[in-house]
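Chains, contacts and geometry: an overview
Residues per chain are reported as follows:
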Amino acid sequence: MDSQPGIRVYNSVSLRLYNWWVMSVANRFAWRCSTPEIQLPFYRRHLSSRHLDIGTGTGYYPRHCMNISQLTLLDLNPECLKQAERRIGPARVTATVQHDIFLPLPEKLQHKFNSVALYYVLHCLNGSADDKFTALKNVTRALSADGILFGTTISGERQRHNLFGRLLMNIMNRKGIFTNYQDSASVLEGQLRQLFRDVTLTETGAVIMFTARFPYPVPRITDH
């Protein structure tokens, strides 16, 4: 599986514009799910003090949350990790991990966290629904027995989008930044229910917001 297309766009230049374009413009006008009014409060509400942020981007969300005593950032893109740690503040970041979630998590991360955030990651994964389910299974192994996975992703269902959203989604898919035409709330819910006892999904605009609590027991995978 080639995990690179969705991350190549994020470099030192594009990351300077990311917060303005995604958090202020796209979230409000294309995806219709406001960052300050909906997405940031959702993040804060489900956060724990021992937290893993996957696909951290610029570190926007943990930067705006002060109640994290142990914060680990995970991203495949080293530039994202560098920028996020700098913006959040190195003193607030326990660890940064460069890793591809299509692969099993390092043993040191398994069953360690009380909360894991997966914000705007799934629609960027370059793969089929089965491939994305593999990534979800890998991510689930990071959680403690009573932990919560929460996140947001952009639906690929055209009826969820306005004209701006459909245009932007088509451009992003053509460029390989998104791979989400087959993504939907029903598909994601079915996958999460195979992994968790308690699953909740809501749709706001074109954004699927989800929580998944109490993962079913999964074996630890040992590093080789």
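Residues numbered from 1 in each chain as written. Predicted model: local features only at pLDDT ≥ 70, side-chain atom pairs only at ≥ 80, totals over all residues. Heavy atoms only, no water.

**Comments concerning a positive patch on the surface**
On the surface, a cluster of positive charge is made up of Arg16, Arg63, Lys82 and Arg86. You can see Arg63 is positioned in helix α4 (residues 60-63). Look at Arg63 and you get partly exposed, because its relative accessible area is 40%. (Patch = residues over 30% accessible without salt bridge, like charges linked within 9 Å, V, L, I, M, F, W, Y side chains within 5 Å. Areas by Shrake-Rupley, 256 points an atom, 1.4 Å probe, with all protein chains shown as cover. Salt bridge = Lys/Arg side-chain N within 4 Å of Asp/Glu carboxyl O. Lys, Arg positive; Asp, Glu negative; His and termini not counted. Charge placed at Lys NZ, Arg CZ, Asp CG, Glu CD. Helix = DSSP H or I, 4+ residues; strand = E, 2+ residues; numbered from the N terminus. Buried < 20%, exposed > 50% of the residue type's maximum accessible area, 1.4 Å probe, protein only.)

**So, the packing of helix α6 (residues 129-140) against helix α8 (residues 185-193)**
Running from amino to carboxyl end, α6 crosses α8 at an angle of 40°, the nearest separation of the two axes being 10 Å. Taken together, the axis directions place α6 and α8 in an arrangement best described as oblique. With respect to the hand of their crossing, α6 and α8 are arranged in right-handed fashion. For the pair α6 and α8, contact is made by Ala129, Phe133 and Leu136 and by Val187, Leu188, Gln191 and Leu192, respectively. (Axes fitted to C-alpha atoms, helices over the stretch in contact; angles between N-to-C directions. Parallel < 35°, antiparallel > 145°, perpendicular 65-115°, else oblique. Left-handed = near helix turned anticlockwise from the far one by under 90°. Contact = heavy atoms within 4.5 Å.)

**With respect to the sheet that holds strand β3 (residues 95-98)**
Pairing is mixed in the open sheet, where seven strands are placed in the order β3-β2-β1-β4-β5-β7-β6. Looking at the sheet topology across the chains shown, the edges are occupied by β3 and β6 (196-204). Neighbour to neighbour, the strand axes of the sheet diverge by 15° on average, direction disregarded. In terms of strand pairing, strand β1 (residues 50-54) meets strand β2 (residues 70-75) through five bridges, oriented parallel. Paired with Leu52 across the bridge in β2 is Thr72. On top of the sheet, α8 reaches β5 (143-154), β6 and β7 (207-215); it is set at about 165° to β6, its chief contact. (Pairing = 2+ DSSP bridges.)

**Topic: the pairing of β5**
Counting buried residues in β5 gives 10 out of 12 residues, a clear majority hidden from the surface. In this sheet, β5 lies alongside strand β4 (residues 113-119) in parallel orientation, the contact comprising six bridges. Among the inter-strand pairings, Val116 is bridged to a residue of β5, identified as Leu149. Each parallel crossover has a hand, and for β4 linked through α6 to β5 it is right-handed. Pairing geometry for β5 and β7, over seven bridges, is antiparallel. Across the sheet, residue Thr153 finds its bridge partner in β7, namely Ile208. (Right-handed = clockwise from strand over helix to strand, strands pointing away.)

**What to know about the side chain of Thr72**
Here Thr72 is to be found in strand β2. Not counting residues up to four positions away in its chain, the partners in contact with Thr72 are His51, Leu52, Asp53, Thr94, Ala95, Val97, Leu109 and Phe113.

**Thoughts on the pattern of salt bridges**
Opposite charge on two side chains permits them to pair, given that their charged atoms come into close proximity. Overall, the coordinates contain four salt bridges when judged by the stated rule. One salt bridge connects Arg28 with Glu37, and the closest N-O pair in it is separated by 3.7 Å. Among the residues examined, Glu37 registers a relative accessible area of 56% and is labelled exposed. The closest approach of N and O atoms between Arg160 and Glu203, which form a salt bridge, is 3.4 Å.

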